[in-house]
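# Fold and contact review
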Amino acid sequence: ESEVPSFTASKVSQYSCQRKTTLNNFNKKFTDAFEIMAENYEFKENEMFCLEFLRAASVLKCLPFPVVRMKDIQGLPCMGDQVRDIVEEIIEEGESSRAKDVLNDERYKSFKQFTSVFGVGVKTSEKWYRMGLRTLEEVKAEKTLKLSKMQRVGLLYYEDLVSCVSKAEADAVGLIVKNTVRTFLPDALITLTGGFRRGKKIGHDIDFLITNPGPREDDDLLHKVVDLWKKQGLLLYCDIIESTFVKDQLPSRKVDAMDNFQKCFAILKLYQPRVDNRSYNASKEFDMAEVKDWKAIRVDLVICPFEQYAYALLGWTGSRQFGRDLRRFANHEKKMILDNHALYDKRKRIFLKAGSEEEIFAHLGLDYVEPWERNA
Ligand code: 8DG
Ligand code: MN
Ligand code: MN
């Protein structure tokens, strides 16, 4: 007799760090709708409703089966009235009219376009929308707009940057990053983080965490790396944020806090000789010159002290929702404060050291969750 895997809805934790969420999502129909709703609330700066839908999406992503009846979500956490209404409609009609209304909403459509530009967030979109701008074409045509350098390059390389980064491209950039960093720091540890570490096949950027085992630190490393890329003609843009970390400071309580590591938001030129039919035409020379043989790629480089590596790795591996829930769990269930630098036990008033992600989960009393199970 075969064993039927049992599933108990009431046992599903409200925290995604107590669930395993692979990329195998049986409920995409529902979670896509929730994510559209969440994004629309993000554009309206309604954080509470935004998080409500992101949490609901995250819960359905961990289910080992597709939801086909309302009974299937009974007893699950994070299923509020708004969420249940949408689930019910999708079960009955195959789609959500509320999500469809959002997709057709003029404000949503404009914000979606605006925020797809590197350097443009909700605040800038709001400003442009209030000025009466509705499309990126209108933004580009509006010569009186004062764009930041980030936004100018965002528009300049727009097509490349909106086309997703593949794993193959991530690996190619990984080689470049490793080679360059090791020119200056031969023993440096360079780890691919973000979505690719969680097993995603595509991403919007490539994230790397860099550390140097041992005591030696090099505050100039990032500057040396980008200077070399500049000389090699590989750097299309870079914004280096200097570290503001103060030793022994308490971890940040903010659930969505940025960390204080030195980091660089860059755009690299990735050469990719492409097979292009035009190259074999009669006017060969002319056409060869016309073919663009590179792609602009967003790269995030983060440098951390070796003793904070496990915390930085956990934070930069994400997902965003997984990270939020880790911090919320630490805070509310363990009276501890977790951020990308450290874990602080408020009751014992001590910092808990960790040399690996496994040790951080253990400090928190959590079962270890593999990176590919953190796609919450
Ligand atoms: P994607 O690029 O494939 O779209 O997804 P991702 O790799 O999961 O997202 P990301 O925006 O590149 O961020 C990677 C993880 O890093 C994400 O889970 C959140 C985390 N993270 C921090 N600090 C910061 C920060 O300062 N900025 C950004 N963008 N992400 C941060 O821990
Ligand atoms: Mn990423
Ligand atoms: Mn990133």
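Residues numbered from 1 in each chain as written. Chains lettered and ligands numbered in written order. Predicted model: local features only at pLDDT ≥ 70, side-chain atom pairs only at ≥ 80, totals over all residues. Heavy atoms only, no water.

## Remarks on the packing of helix H1 (residues 28–43) against helix H5 (residues 106–115)
The criterion, for reference: All axes here are fitted lines through C-alpha atoms, helices being fitted over the stretch that makes contact, and every angle between N-to-C directions spans 0 to 180 degrees. Under the DSSP-based scheme used, a helix requires at least four consecutive residues in state H or I and a strand at least two consecutive residues in state E, with every element numbered from the N terminus. Between 65 and 115 degrees an angle is taken as roughly perpendicular, under 35 as roughly parallel, over 145 as roughly antiparallel, and anywhere else as oblique. Residue contacts are counted whenever heavy atoms from the two residues lie within 4.5 Å of one another. Classification used: nonpolar for Ala, Val, Leu, Ile, Met, Phe, Trp, Tyr, Cys and Pro, charged for Asp, Glu, Lys and Arg, polar for all others including Gly.
Between H1 and H5, the shortest axis-to-axis distance is 10 Å and the interhelical angle comes to 85 degrees. On the basis of their axis angle, the class for H1 and H5 is roughly perpendicular. Contacts from Ile36, Glu39, Asn40 and Phe43 of H1 reach H5 at Arg107, Tyr108, Phe111, Lys112 and Thr115. Looking at side-chain class alone, the contact of H1 with H5 contains four nonpolar, two polar and three charged residues.

## Considering the coordination of the manganese ion (ligand 3)
Selection criterion: Donor atoms (N, O, S) are those found within 2.8 Å of the metal centre, with the cutoff raised to 3.2 Å for Na, K and Ca; water is not part of the atom list, so apparent gaps in a site can occur. Only protein chains enter the area calculation, which uses a 1.4 Å probe; residues under 20% of their type maximum are buried, those over 50% are exposed, and those in between are partly exposed.
Protein coordination at the manganese ion (ligand 3) comes from Asp205 (OD), Asp207 (OD) and Asp300 (OD), with a distance range of 2.0 to 2.2 Å. Look at where the donors of the manganese ion (ligand 3) fall in the sequence and you get D-x1-D-x92-D. Here the manganese ion (ligand 3) and the manganese ion (ligand 2) are spaced 3.6 Å apart, and both take Asp205 as a donor. Remark: Asp300 occurs in strand S7 (residues 294–303) and Asp207 occurs in strand S4 (residues 206–211); sequence separation between them is 93 residues. A relative accessible area of 8% means that Asp207 is categorised as buried.

## Description of the site of ligand 1
What counts is decided by this rule: Nearness is judged by heavy atoms alone; a residue qualifies as near a molecule or strand once a single heavy atom is within 4 Å of it. For the purposes of these results, a polar contact is taken to be a pair of N or O atoms within 3.5 Å, where, inside protein, one atom must be able to donate a hydrogen and its partner to accept one; residues adjacent in sequence count only when each atom of the pair is a side-chain atom. Note that accessible areas follow from Shrake-Rupley with a 1.4 Å probe, and for residues the cover is restricted to the protein chains shown.
Neighbouring ligand 1 are 16 residues, the closest being Gly195, His204, Asp205, Met258 and Asn340. Separating an oxygen atom of ligand 1 from a backbone N or O atom of Gly315 is a distance of 3.4 Å. With respect to ligand 1, the backbone of Arg320 contributes an N or O atom lying 3.3 Å from an oxygen atom. Protein chains bury 84% of the 600 Å² of accessible surface belonging to ligand 1 in isolation. Among the elements of the structure, helix H11 (194–197) and helix H14 (309–317) are those that each provide at least two residues to the shell around ligand 1. The residue makeup of the shell around ligand 1, split by class, is two nonpolar, eight polar and six charged.

## Considering the domain arrangement of the protein chain
Interfaces are often sized by the amount of accessible area the parts lose when they come together. Note the following rule: Throughout the structure description, domain borders are defined by an automatic or database domain assignment. Note on terms: buried area is the combined drop in 1.4 Å-probe accessible area of two parts once they are placed together, counting the loss on both. A pairing counts as a salt bridge when a side-chain nitrogen of Lys or Arg comes within 4 Å of a carboxyl oxygen of Asp or Glu.
Domain boundaries assigned for the protein chain yield domain 1 (9–102), domain 2 (106–156), domain 3 (165–308) and domain 4 (320–373). Here the C-alpha centre of domain 4 lies 27 Å away from the C-alpha centre of domain 3. Of the roughly 1,600 Å² buried between domain 3 and domain 4 on both sides combined, carbon and sulfur atoms contribute 52%. Between the two partners, domain 3 and domain 4, sit one salt bridge.

## A word on a negative patch on the surface
Here is the rule: In this analysis, a patch consists of residues with relative accessible area above 30% that form no salt bridge, clustered at 9 Å for like charges and at 5 Å for the nonpolar side chains Val, Leu, Ile, Met, Phe, Trp and Tyr. Under the convention used here, Asp and Glu are negative, Lys and Arg are positive, and both His and the chain ends fall outside the count. By convention, the charge on Lys lies at NZ, on Arg at CZ, on Asp at CG and on Glu at CD.
Taken together, the side chains of Asp81, Asp85, Glu88, Glu92 and Glu93 make up a negatively charged region of the molecular surface. With respect to the helices, strands and loops of the structure, Glu93 is situated in helix H3 (residues 81–93). Of the residues examined, Glu93 reaches a relative accessible area of 56% and is grouped as exposed.

## Digging into the environment of Arg349
Here Arg349 shows up in the loop between strand S9 (343–345) and strand S10 (350–351). On the accessibility criterion, Arg349 (66% relative accessible area) is exposed. The spacing of Arg349 and Met336 is 13 residues in sequence and 9.3 Å in space, taken between C-alpha atoms.

## Points about the side chain of Ser110
Along the chain, Ser110 turns up in helix H5. Owing to a relative accessible area of 2%, Ser110 belongs among the buried residues under this scheme. Apart from the residues lying within four places of it in its own chain, the contact partners of Ser110 are Tyr129 and Arg134.

## Some thoughts on the sheet that holds S9
Stated formally: Only when DSSP finds a minimum of two bridges between them are two strands counted as paired.
Taken together, the three strands give an open sheet; going across it, the order is S8-S9-S10, and neighbouring strands pair in antiparallel fashion. This sheet does not close on itself; its edge strands, each paired only once, are strand S8 (336–338) and S10. Taken together, the three bridges between S8 and S9 define a ladder with antiparallel strand orientation. By the bridge assignment, Met336 is partnered in S9 with Asp345.

## Quick word on the nonpolar core
A general feature of soluble globular proteins is that nonpolar side chains tend to end up buried together. This is how it is decided: In this text, buried Ala, Val, Leu, Ile, Met, Phe, Trp, Tyr and Cys residues form a nonpolar core when linked through side-chain atoms within 4.5 Å.
Ranked by size, the top nonpolar core spans 32 residues in total, and within it Phe34, Phe53, Leu60, Leu76 and Met79 carry the most contacts. Looking at this core, the elements with two or more residues in it are H1, helix H2 (47–61), H3, helix H4 (97–104), H5 and helix H6 (122–130). Residue contributions to this core peak at eight residues, all from H1. When residues of this core are sorted by domain, at least three fall in each of domain 1 (9–102) and domain 2 (106–156). Residue contacts for Met79: discarding those within four places in its chain leaves Ala56, Val59, Leu60, Ile73 and Arg84. The next biggest cluster of nonpolar side chains, apart from the first, holds 28 residues, and it includes Val177, Leu185, Ile206 and Phe208.

## With respect to the sheet that holds strand S5 (residues 235–241)
What the five strands build is an open sheet, ordered S2-S4-S7-S6-S5; its pairing is mixed. At either end of the open sheet lies a strand with only one pairing partner, and these are strand S2 (189–192) and S5. Going across the sheet, the axis of each strand differs from the next one's by a mean of 25 degrees, ignoring polarity. Bridging between S2 and S4 involves four bridges; their strand directions are antiparallel. Across the sheet, residue Thr191 finds its bridge partner in S4, namely Leu209. On the sheet, H14 packs against S2, S4, strand S6 (262–271) and S7 and is oriented at approximately 175 degrees with respect to S4.

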